[in-house]
Amino acid sequence: LSVIQSSQTSASSSLESLFQKASKTYQVPIQLLKAVAKNESGFRADAVSHCGAQGIMQLMPRTAKGLGVADPLDPEQNIMGGAKLLSGLLKTYDGDIKLTLAAYNAGSGNVKKYGGVPPFTETKNYVEKVMATMKTTIALPDTGISSSSQSVAEATTPAPASRLQQPSYTLLNK
């Protein structure tokens, strides 16, 4: 098990460079990473959900540990861990982004159990929302790493198709 560590201090890291690094390292479309982060935490490094998911990509503590993330609230470790998880899910589901998102939200066991996106309202809404976010220009916080006291700009301008960077992944209707 390799541990994901920060190569630089979080304060000097820009979110854009972290997403670019994660995308390149794990071959995950940058729009997918940003859309998941926006919907999971609004890019808040200090976000903790009611069920215990932590950080920008909202990793559960056990999942984070399994991915080699020592500090889930560290933006770089969290984004790299989330990218590693998404990369594995994309491989598991042959590039099917809907199934990947469903598994990210509800777990691979539920995707297998239901033979596709589970019938949970939360998961169906999550998949639709992240897919829609991927088609927009996703504005990152100007200050780099967002905290609870900062707001996240809502961007809904469609991104040019050339910027979606989804070379080998398909949006399948399953």
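Residues numbered from 1 in each chain as written. Predicted model: local features only at pLDDT ≥ 70, side-chain atom pairs only at ≥ 80, totals over all residues. Heavy atoms only, no water.

Student: Teacher, can you tell me more about the pattern of salt bridges here?
Tutor: Think of it this way: side chains of opposite charge can pair up when their charged atoms draw near. Taken as a whole and assessed by the stated rule, the structure comprises three salt bridges. A salt bridge links Arg44 to Asp46, with the shortest nitrogen-to-oxygen separation between them at 3.2 Å. Arg44 gets classed as partly exposed once you look at its relative accessible area, which sits at 28%. Relative accessible area serves as the criterion here: at 33%, Asp46 is assigned to the partly exposed category. (Salt bridge = Lys/Arg side-chain N within 4 Å of Asp/Glu carboxyl O. Buried < 20%, exposed > 50% of the residue type's maximum accessible area, 1.4 Å probe, protein only.)

Student: Help me out: how do you make sense of helix H1 (residues 15–26) in this one?
Tutor: Within an α-helix, residues lying three or four positions from one another point in the same direction, as the helix has 3.6 residues per turn. Compared with the 16 Å implied by 1.5 Å per residue over 12 residues, the 16 Å span of H1 between its first and last C-alpha is a close match. The set of residues buried in H1 consists of Leu15, Leu18, Phe19, Ala22, Ser23 and Tyr26. One face of H1 carries all of its buried residues, which in axial projection span an arc of 130°. Considering only its buried residues, H1 is in contact with helix H2 (30–41) and helix H4 (75–92). At the C-terminal side of H1, Gln27 shows a positive phi close to 55°. (Helix = DSSP H or I, 4+ residues; strand = E, 2+ residues; numbered from the N terminus. Expected span 1.5 Å × (residues − 1). Arc of directions from axis to C-beta. Contact = heavy atoms within 4.5 Å.)

Student: Honestly, the packing of H1 against H2 in this entry has me stumped. Any pointers?
Tutor: Between two packed helices, both the angle of their axes relative to each other and the distance between the axes serve to describe the pair. In contact at an axis separation of 9 Å, H1 and H2 are set at 125° when each is read in the N-to-C sense. The pairing of H1 with H2 is recorded here as oblique in orientation. Two packed elements cross with a definite hand, and for H1 against H2 that hand is right-handed. Across the interface between the two elements, Glu16, Phe19, Gln20, Ala22 and Ser23 from H1 touch Ile30, Leu33, Lys34 and Ala37 from H2. When grouped by side-chain class, the residues that make up the contact of H1 with H2 number five nonpolar, two polar and two charged. (Axes fitted to C-alpha atoms, helices over the stretch in contact; angles between N-to-C directions. Parallel < 35°, antiparallel > 145°, perpendicular 65-115°, else oblique. Left-handed = near helix turned anticlockwise from the far one by under 90°. Nonpolar A, V, L, I, M, F, W, Y, C, P; charged D, E, K, R; others polar.)

Student: When you look at the environment of Ser14 in this model, what are you seeing that I'm missing?
Tutor: Assignment of secondary structure puts Ser14 in the segment before H1. Judged by relative accessible area, Ser14 falls into the partly exposed class, the value being 32%. Separated by 126 residues in the primary sequence, Ser14 and Leu140 have C-alpha atoms spaced 9.4 Å apart.

Student: For this particular structure, what's the right way to read the environment of Gly95?
Tutor: For Gly95, the location among the structural elements is in the loop between H4 and helix H5 (97–106). Looking at Gly95, the relative accessible area reads 4%, which means it is buried. As a C-alpha pair, Gly95 and Val28 span 67 residues in sequence and 9.8 Å in three-dimensional space.

Student: Would you mind going over the nonpolar core with me for this structure?
Tutor: The nonpolar side chains of a soluble globular protein tend to be buried with one another. Phe19, Val36, Met57 and Leu101 are the most contacted members of the largest nonpolar core, which has 41 residues in total. Elements supplying a minimum of two residues to this core: H1, H2, H4, H5 and helix H7 (121–134). (Core = buried A, V, L, I, M, F, W, Y, C linked by side-chain atoms within 4.5 Å.)

Student: Would you mind showing me how to read the packing of aromatic side chains here?
Tutor: In this description, an aromatic ring pair is defined by two values, namely the gap between the centres and the angle between the planes. Evaluated as defined, the whole model comprises two aromatic pairs. Ring geometry for Phe19 against Phe43: centres 6.1 Å apart, planes inclined by 80°, an arrangement best described as edge-to-face. Here Phe19 is found in helix H1, whereas its partner Phe43 is found in the loop between H2 and helix H3 (61–66), with 24 residues between them in sequence. Given the relative accessible area of 0%, Phe43 is considered buried. (Phe/Tyr/Trp six-rings, centres within 6.5 Å; stacked < 30°, edge-to-face > 60°.)

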